[in-house]
Amino acid sequence: MALGAEVPANNPNNLMRSHVGQTGFTSVDPYSGVLSYHIPLVNIPENDGLSFYFALNSHLPNGQGENIADNSRNLFNLYPHMLPGLNVFVDQYGRTHNFKVSNNKNIYYSIDHWKEVRSNDWYIYTPDGVTYTLKLLNNVNWSYWPFNQWVVTEIKSKNGETTLTYNYDVRAGTIRNGVGANSTVLLTSITTDDNKIKLNYSPYCVYGRDCIKGYYLTNIKLNDKYTWRITSLAGGSSASNIMLPTKLTYPDGSIIKFNIDGGASQGSYSALHSITYSDGGKSDFTYSGTHVTQQTNSGPGVTTGTWNYSYAYPNGTTVTTVTGPNDKRELTFNGRYPNSNDWNTGLLINEKLYSADGKTLYQTIDKTWKEFTLPDSTIKAPELTKQVISRGGDCKMQSCMEYITEFKDFDSYGYPKTEVESSVKHTV
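Residues numbered from 1 in each chain as written. Predicted model: local features only at pLDDT ≥ 70, side-chain atom pairs only at ≥ 80, totals over all residues. Heavy atoms only, no water.

A. Local environment of the overall build of the protein. Of the regular secondary structure elements, the protein holds zero helices and 31 strands. With 428 residues in all, the protein has 51% of them scored as buried. Restricting to contacts in the protein with at least 6 residues of sequence separation, those with at least 24 account for 41%. Summed over its atoms, the accessible surface of the protein is roughly 19200 Å², and 46% of this surface lies on carbon and sulfur atoms. (Helix = DSSP H or I, 4+ residues; strand = E, 2+ residues; numbered from the N terminus. Buried < 20%, exposed > 50% of the residue type's maximum accessible area, 1.4 Å probe, protein only. Contact = heavy atoms within 4.5 Å. Areas by Shrake-Rupley, 256 points an atom, 1.4 Å probe, with all protein chains shown as cover.)

Okay, structure coming up:
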């Protein structure tokens, strides 16, 4: 964050925390300490603000370290889908939305104000006007382990001008001791009027002893012209394999390499230890459990240096301190991770920017939230009502400028219809 740069107020509907990113591909959630890496594979802007999109992405449900994958058990099946239990939706950007039932048994809301209507088909409506259609797959056998049968078949932009269509292949499960295992549902293509992505897979043994068959992604093709190739190796425990990506080759021949362990000693968690970028730059990561404690960048193409992360929990809050080569950031959140179901747990309430030695305070951001009850529901959600940016140090101790944004007149989605901006100069 550059001193004096404009800091936009968070949209009250967007509760994705301000991740601390040390490269364009990696970032750390300062509340949970969980690393996310986001490697674009195919991203073609379509009309009306809806992107044709696919990526390697480690954004994790509830930040607990689970792999986002269906039973093909690799890290590349990032597409919009419902997780088992039918109350957690993962959008195409890897963000999770946890739904709770309203007073109307067929309508669900998430804390970030997404709405789900369940009928013969299910529909998910976002505050931005995007609509997801989910359909039930009837030709699927789910006899062996639970996995939901609802898949996204269509996404429409807010004005209905752009539609993404998702197509799937259902493959029969392996027979084990006379019992049929679950079918495997594979996303095979995503299409619009002008473009088409095809996805290709190879089979492998998920469980070595009985060779329960799974599939892993090997390449992605755009319009049968450009190909992204994924190299993977089996990881995980001896009884249950996970195909972990080791190399991504772009259509122009450039390569990104990954060092990911199978997490056999950490349950389902697969830790990314390093990324080597196509120009030779590298990022290395150190952990305490699932918390990132250090990131070191070296080589060409990245901002070199080491960033250290520490986590404290005073008075029921979470305070994360990030100390890097050029500055120090201190972020304070309501509650402690792992979070509870309270509407305000994990909300950023204060952020301070210091010099690298921590002696000079450059900027403070304070956020004020209030409780919002979602329509036709008892579900509580947060609304950001005020943000104050103080530049020039502690206004109680020295001269500074305060930039104030107030949010008012919220609609049923929790969007403010009115934003009032002002500034105050303090002198000491």
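Still to come is the rest of the account.
B. A look at the confidence of the model for the protein. Taken over all residues, the pLDDT of the protein has a mean of 79, while the share at 70 or more is 77%. No element of the protein has a lower mean pLDDT than strand E14 (residues 179-180), which averages 52, and none a higher one than strand E24 (residues 305-312), which averages 96. Overall, residues 59-77 carries pLDDT values under 50, and its contacts beyond four positions in sequence, including any with other chains, amount to 76 contacts. (pLDDT = per-residue confidence, 0-100.)

C. Summary view of unusual backbone geometry. One non-glycine residue, Asn223, adopts positive backbone phi at about 50°. Structurally, Asn223 is set in the loop between strand E17 (212-222) and strand E18 (226-236). One non-glycine residue, Asp409, lies in positive phi territory at about 55°. Of note, Asp409 is situated in strand E30 (residues 400-410).

D. Examining the environment of Ile111 more closely. By secondary structure assignment, the location of Ile111 is in the loop between strand E7 (107-110) and strand E8 (115-118). For Ile111, a relative accessible area of 32% translates into the label partly exposed. Along the chain, Ile111 and Pro382 lie 271 residues apart, while their C-alpha atoms are 7.4 Å from each other.

E. Examining the pattern of salt bridges more closely. Using the criterion set out here, one finds seven salt bridges in the structure. Close ionic contact of Glu116 with Arg118 constitutes a salt bridge, the shortest N to O distance being 2.7 Å. For Arg118, a relative accessible area of 14% gives the class buried. Residue Glu371 pairs with Lys380 through a salt bridge whose shortest N-O separation is 3.4 Å. Owing to a relative accessible area of 35%, Lys380 belongs among the partly exposed residues under this scheme. (Salt bridge = Lys/Arg side-chain N within 4 Å of Asp/Glu carboxyl O.)

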